[in-house]
Amino acid sequence: MEVNGGAWEFWVEEALSKLQSLNVLRSLRPIHLLAGAARRSTSAENSPSNLNRVFDGPNKWDRASVEVEISESTFRKWLHDVPSSGDDNDVVDGDVRANDKAEPIDGKLRKLIVFSGNDYLGLSSHPMVSNAAIKAAQEHGMGPRGSALICGYTTYHRLLESSLADLKRKEDCLLCPTGFSANMAFMTAVGNVGLLVAGGKPSKDDRVAIFSDALNHASIIDGIRLAERQGNVVAFVYRHADMCHLDTLLSSCPMKKRVVVTDSLFSMDGDFAPMTELVKLRKKHGFLFVIDDAHATFVCGKNGGGAAEMFNCEADVDICIGTLSKAAGCHGGFIACSKKWKLLIQSRGRSFIFSTSSPVPVAAAAHAAVNVAKNETWRRSAIWKRVQEFRELTGFPVESHIISLIVGSENKALQASRHLLKLGFHITAIRPPTVPAHSCRLRVTLSAAHTKDDLRKLTNALAQCVDFQKIQVFNSNCYSKL
């Protein structure tokens, strides 16, 4: 049967209508970056001799990581929850500034303080990070464009891998284009172990058993689903942070090749995995222990080594997956592991093999960020001080720099987000399918670039739109996304 393009337009429109009726149609809200915010350092600070300079406290450029602007058009659409594909500020021909930045049609901009981002240390605007990217771009452009296995792997990438391996105290490290692709690559690679050892499709007991926390990130879930689809993996989901349930599942599993994977710090709830108890179970059951350390890397531990360093169990974590797009303020993902694991993943991890490697300036910037995060220890102290201050100002027993304020219904979360928007705070409502129905929330994230005055203003604003006595801090209702 022949189907024309008009039919597809109709079907897409019907699908969008269904999403709209379910209140799960998502929008892009374009933000304007403050002009020259990351370049507010002096020419002396930007000189070649200062490329590795260590700063011992906050500087004016740090605010660029938590201050943005939105147009009046975006503000109105966001306030009324009008769906947007990001075209709020589209300009007509010729209506472009001399510096190639789009001019808002209405000419008005509203300043917002960001309490929703993942730039936990404020490194995205650090001059050492931006200077590293500029220098690499001036010398090499974007670098060779190809997958890492063909021509995309350079000395810049290797230098970054080495620094990350040292940070995580692992033998080696494999860079991936994103944190999502890193988890996908690992899950498909570990599934191949059973296939390769068996010399063909493995029997049920020869397959790999993967035990996954119910609240693990979508990239872990999608990676497991793909490995399951290939017939190499059997997945078991244990209740969130429930070590008794995990112990029971492990004890009743006949498969020898067992993997336990968990977020170390959960992105939507802000709680830590029970690392100490997981290590005890690892010693009891002998499984491969894998953590996604995306939200703890550079923030947790004396040296920024992440949750494993914080809980003093680095030697007990076999594989550490992470990202450079959060506390590093850059882009990309990585897998810190042994050399043997690296060889396997780079040979069998499809999302790594078939992706173009990160541009050289991005790798250079990320390497600079690793060094800044290591040397400017005050940033870790600052963010944990903000956590303590938030706890004191609100009375909430928050665990980390990710604060999940569960308000219940979708309408309540949207109303609270809109109220905060009016008062100058960028905090989005987290709704299904990201979280279950009736556990909609405001996800507040803290940064080393925030001040105590920022927190005072935020908590005062929160008190106007949520009932602190009734609000839940984190979700105790465990649910599985697998």
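Residues numbered from 1 in each chain as written. Predicted model: local features only at pLDDT ≥ 70, side-chain atom pairs only at ≥ 80, totals over all residues. Heavy atoms only, no water.

Moving on, we come to the packing of helix H15 (residues 410-422) against helix H16 (residues 452-465). Remark: H15 packs on H16, axes separated minimally by 9 Å, with the N-to-C direction vectors making an angle of 140 degrees. Judged on the interaxial angle alone, H16 and H15 are oblique. The hand of the H15/H16 crossing is right-handed. Contacts from Ala416, His419 and Leu420 of H15 reach H16 at Leu458, Ala461, Leu462, Gln464 and Cys465. (Axes fitted to C-alpha atoms, helices over the stretch in contact; angles between N-to-C directions. Helix = DSSP H or I, 4+ residues; strand = E, 2+ residues; numbered from the N terminus. Parallel < 35°, antiparallel > 145°, perpendicular 65-115°, else oblique. Left-handed = near helix turned anticlockwise from the far one by under 90°. Contact = heavy atoms within 4.5 Å.)

Between its first and last C-alpha, helix H5 (residues 155-168) extends 20 Å over 14 residues, near the 20 Å set by a 1.5 Å rise per residue. Residues His157, Leu160, Glu161, Ser163, Leu164, Ala165, Leu167 and Lys168 constitute the buried set of H5. Next to the buried residues of H5 lie helix H4 (148-152), strand E4 (172-176), strand E9 (319-323), strand E10 (333-337), helix H11 (339-348) and helix H13 (360-375). One side-chain oxygen of the residue at the start of H5 lies 3.2 Å from the amide nitrogen of tyrosine 156, identifying that residue as threonine 154. Looking at the residues trailing H5, positive phi occurs at arginine 169, about 55 degrees. (Expected span 1.5 Å × (residues − 1). Buried < 20%, exposed > 50% of the residue type's maximum accessible area, 1.4 Å probe, protein only. Polar contact = N/O pair within 3.5 Å; in protein donor to acceptor, adjacent residues only side chain to side chain.)

Attention now moves to the nonpolar core. Of all hydrophobic cores here, the largest spans 63 residues; its most connected members are Leu164, Phe211, Leu246, Phe298 and Leu324. At seven residues, the largest contribution of residues to this core is made by H13. Apart from the residues lying within four places of it in its own chain, the contact partners of leucine 246 are Phe211, Tyr238, Val260, Leu278 and Leu281. By size, the runner-up hydrophobic cluster in this structure holds 28 residues, among which are Ala227, Val259, Ile345 and Ile353. (Core = buried A, V, L, I, M, F, W, Y, C linked by side-chain atoms within 4.5 Å.)

Let us now look at the sheet that holds strand E11 (residues 402-408). Think of a sheet as strands paired side by side through backbone hydrogen bonds, with each pair either parallel or antiparallel. Here three strands make up an open sheet; going across it, the order is E11-E14-E13 and the pairing antiparallel. Each edge of the open sheet carries a strand with a single partner, namely E11 and strand E13 (429-430). Examined bridge by bridge, E11 and strand E14 (residues 440-445) share six bridges and lie antiparallel to one another. When the bridges of E14 are listed, isoleucine 403 appears paired with valine 444. (Pairing = 2+ DSSP bridges.)

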